[in-house]
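Working through the structure, step by step
One letter stands for each residue in the lines below.
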Amino acid sequence: MHVRVRNSLHRGAGRVAQTSPETLPVTIGGRAGESQREVVSSSTLWKVIFASAGGTMIEWYDFYIFGSLAAIISTHFFPKDNPTAGFLLTLGTFATGFVVRPFGALVFGRIGDIVGRKYAFLVTLLLMGGATSLIGVLPTYDTIGLAAPLGLVLIRLVQGLALGGEYGGAAVYVAEHAPDEKRGFYTSFIQITATLGLFVSLAVILGTRLFLGEDDFRAWGWRVPFLLSVLLVAVSFYVRARLKESPIFAKLKSQGKTSTAPIKDSLGNKRNWKVILIALFGATAGQGVVWYTGQFYALYFLQNTLKVPFITATIVVAAALALGMPFFVFFGALSDRIGRKKIMLAGNLCGAIGFFPVFWAMKQNADSPVVLTALVFVLVIFVTMVYGPIAAYLVEAFPAKVRYTSLSIPYHVGNGVFGGLLPLIASSVTVATGNIYAGLLYPITVALITVVVGGLYLSERSDVRLWEEIDREA
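Residues numbered from 1 in each chain as written. Predicted model: local features only at pLDDT ≥ 70, side-chain atom pairs only at ≥ 80, totals over all residues. Heavy atoms only, no water.

Overview of the overall build of the protein
Along the backbone of the protein there are 23 helices and two strands. Relative to its length of 474 residues, the protein is compact, with a C-alpha radius of gyration of 22 Å against a globular reference of 23 Å. Expressed as lengths along the three principal axes of its C-alpha atoms, the size of the protein is roughly 80 × 45 × 45 Å. Here the protein, with 474 residues, has 57% of them falling under the buried criterion. (Helix = DSSP H or I, 4+ residues; strand = E, 2+ residues; numbered from the N terminus. Rg over C-alpha atoms; globule rule 2.2 N^0.38 Å. Buried < 20%, exposed > 50% of the residue type's maximum accessible area, 1.4 Å probe, protein only.)

A word on the nonpolar core
In this structure, Trp291, Leu302, Phe359, Met362 and Tyr387 are the most contacted members of the largest nonpolar core, which totals 103 residues. The residues touching methionine 362, leaving out its near neighbours within four places in the chain, are Ala298, Phe301, Leu302, Leu306, Leu372, Leu375, Val376 and Leu379. Met57, Tyr61, Phe77 and Phe310 belong to the second-largest nonpolar core, a separate cluster that totals 24 residues. (Core = buried A, V, L, I, M, F, W, Y, C linked by side-chain atoms within 4.5 Å. Contact = heavy atoms within 4.5 Å.)

Regarding the packing of aromatic side chains
Scanning the entire structure with this criterion turns up 23 aromatic pairs. Relative to phenylalanine 301, the ring of tyrosine 297 lies with its centre 6.4 Å away and its plane at 45°, an arrangement referred to as tilted. Here phenylalanine 301 and tyrosine 297 lie together in helix H14 (residues 270-305), a separation of four residues that amounts to about one turn. Residue class for tyrosine 297 comes out buried when judged on its relative accessible area of 3%. What links up through ring pairs into an aromatic cluster is the set Tyr297, Phe301, Phe356, Phe359 and Tyr437. Stacked on the ring of phenylalanine 310, the Lys or Arg arginine 209 has its end atom at 4.0 Å from the ring centre. (Phe/Tyr/Trp six-rings, centres within 6.5 Å; stacked < 30°, edge-to-face > 60°. Lys NZ or Arg CZ within 6 Å of the ring centre and 35° of its normal.)

Brief notes about the packing of helix H8 (residues 183-212) against helix H16 (residues 326-338)
At their nearest, the axes of H8 and H16 sit 8 Å apart, and the two run at 155° to each other. With respect to each other, H8 and H16 are oriented roughly antiparallel. Note on packing geometry: the crossing formed by H8 with H16 is right-handed. Taken together, the residues of H16 that come into contact with H8 (itself represented by Arg183, Gly184, Phe185, Ser188, Phe189, Gln191, Ile192 and Thr195) are Phe328, Val329, Gly332, Ala333, Ser335 and Asp336. Among the residues making up the contact of H8 with H16, the classes are represented as six nonpolar, six polar and two charged. (Axes fitted to C-alpha atoms, helices over the stretch in contact; angles between N-to-C directions. Parallel < 35°, antiparallel > 145°, perpendicular 65-115°, else oblique. Left-handed = near helix turned anticlockwise from the far one by under 90°. Nonpolar A, V, L, I, M, F, W, Y, C, P; charged D, E, K, R; others polar.)

Some remarks on a nonpolar patch on the surface
Taken together, the side chains of Trp273, Leu277, Phe281 and Ile449 present a nonpolar region at the surface, about 340 Å² in accessible area. Position of tryptophan 273 relative to the elements: it lies in helix H14. For tryptophan 273, a relative accessible area of 35% corresponds to the partly exposed category. (Patch = residues over 30% accessible without salt bridge, like charges linked within 9 Å, V, L, I, M, F, W, Y side chains within 5 Å. Areas by Shrake-Rupley, 256 points an atom, 1.4 Å probe, with all protein chains shown as cover. Salt bridge = Lys/Arg side-chain N within 4 Å of Asp/Glu carboxyl O.)

Focus: the side chain of serine 335
Mapped onto the elements of the fold, serine 335 is located in helix H16. The buried category is assigned to serine 335, whose relative accessible area is 0%. Among all residues touching serine 335, those that are not within four sequence positions of it are Gly184, Arg340, Ile343, Pro389 and Ser462.

Some thoughts on the pattern of salt bridges
A side chain of one charge can pair with a side chain of the opposite charge when the charged atoms of the two come close. Scanning the model with the defined rule gives ten salt bridges in all. Note that arginine 403 is salt-bridged to glutamate 176, the shortest N-O span being 2.8 Å. With arginine 403 in helix H20 (residues 403-419) and glutamate 176 in the loop between helix H7 (147-175) and H8, this residue pair connects regions lying 227 residues apart in the sequence. For glutamate 396, the salt bridge identified is with arginine 183, shortest N-O distance 2.6 Å.

Describing H7
When the terminal C-alpha atoms of H7 are compared, their 43 Å separation across 29 residues agrees well with the 42 Å that a helix rising 1.5 Å per residue should span. With 22 of 29 residues buried, H7 is to be regarded as a mostly interior element. (Expected span 1.5 Å × (residues − 1).)

Quick word on the confidence of the model for the protein
Predicted confidence across the protein gives a mean pLDDT of 83, with 90% of residues reaching 70 or more. Predicted confidence is poor over residues 1-35, with pLDDT under 50, and the contacts of this stretch with residues over four places away or in other chains come to 73 contacts. (pLDDT = per-residue confidence, 0-100.)

Given below as structure tokens:
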């Protein structure tokens, strides 16, 4: 028989506090069939976070190089007689990767809930790395004509499918290792990876451009950041391959309690459907538009609307991202203390209220890189509020046997569709209306919808204990 214990006594206080889920075998007391919890040491947990976050950062890097280089890619893969149309077509190609992310969530979520979390995100890492490196060698429109943009679209589809499976696996994997009372803190390191991936992509692009010079970079040097992905993926794959499976999933599998049809169990269950829809419209849709407005659209606005020089705009956004990244961890940890809901909804409300005045101020200070950096930093703070706690919230919302599939659906619809289409929608509205601020109506509207739906229907679940589900089933 086994008795659950909470390790780590607070010295001098005489009370018990949980630092990692575990059970110790004893010969007295306890309940028959209670599951034995695996002790996750601090060093093991940080290895899990490093391997998971590192690989996820590389996948975001791969995915976002394309967006960061959209203005240059448009000149190589689309006809040059209409630069505006070429840029919008490039954003459309960029958007295809987002549209298929929910399908990747279903495909790899199913694998993750049947075979294992580790296996799924090893496969997604290889797919993403292979697709990204292909862009680095893909012939241009001048060489192969329409086959160039078609090939680009196909590669973006593969990237979208891979990313659709990656995030859910990394978030679940870390959360199922982490202690309950610090889940927001530890999963926030996965939340940094999207912004860190964008930051690294900007830094690599900037470094390559400065090293090669303007002409060589535009002619062929833009391929270097894509080709670099091969090395990054090889290192990450080696690190991830040495990890063990998530202890909660391993316990479920040993008990024969994993789902044999996670897509059916996720989408065919009325209660689960309700949770998915609430998570989508009450959390991830707003989070998606706040993220892409505060980072990608801000970059496009600087480069294409305000005509800030490429290098200056890149440095401004990269500096703001670097300053803002610690706040992902701050708000993730804060959500362990005061809850996820109020922080995420506050971030959406700040975005809805603050987007117009911040972008207006960017226009008034287009010649001041310091002021622009401060303004983009404000946008990044909104991002950290909505994004820092959301992995923990999504993990807590769904049962273990369909967790990978279920949380991936609202996350990738919210981010891939509502958020990923934002640069294309906002830029198209701006071009159609001639009003440089008109594109902001889209993220403001979605963020406000999220505030209303989340405020009414989102449940606070930061007190959920993930191992209790395993105990009940045992």
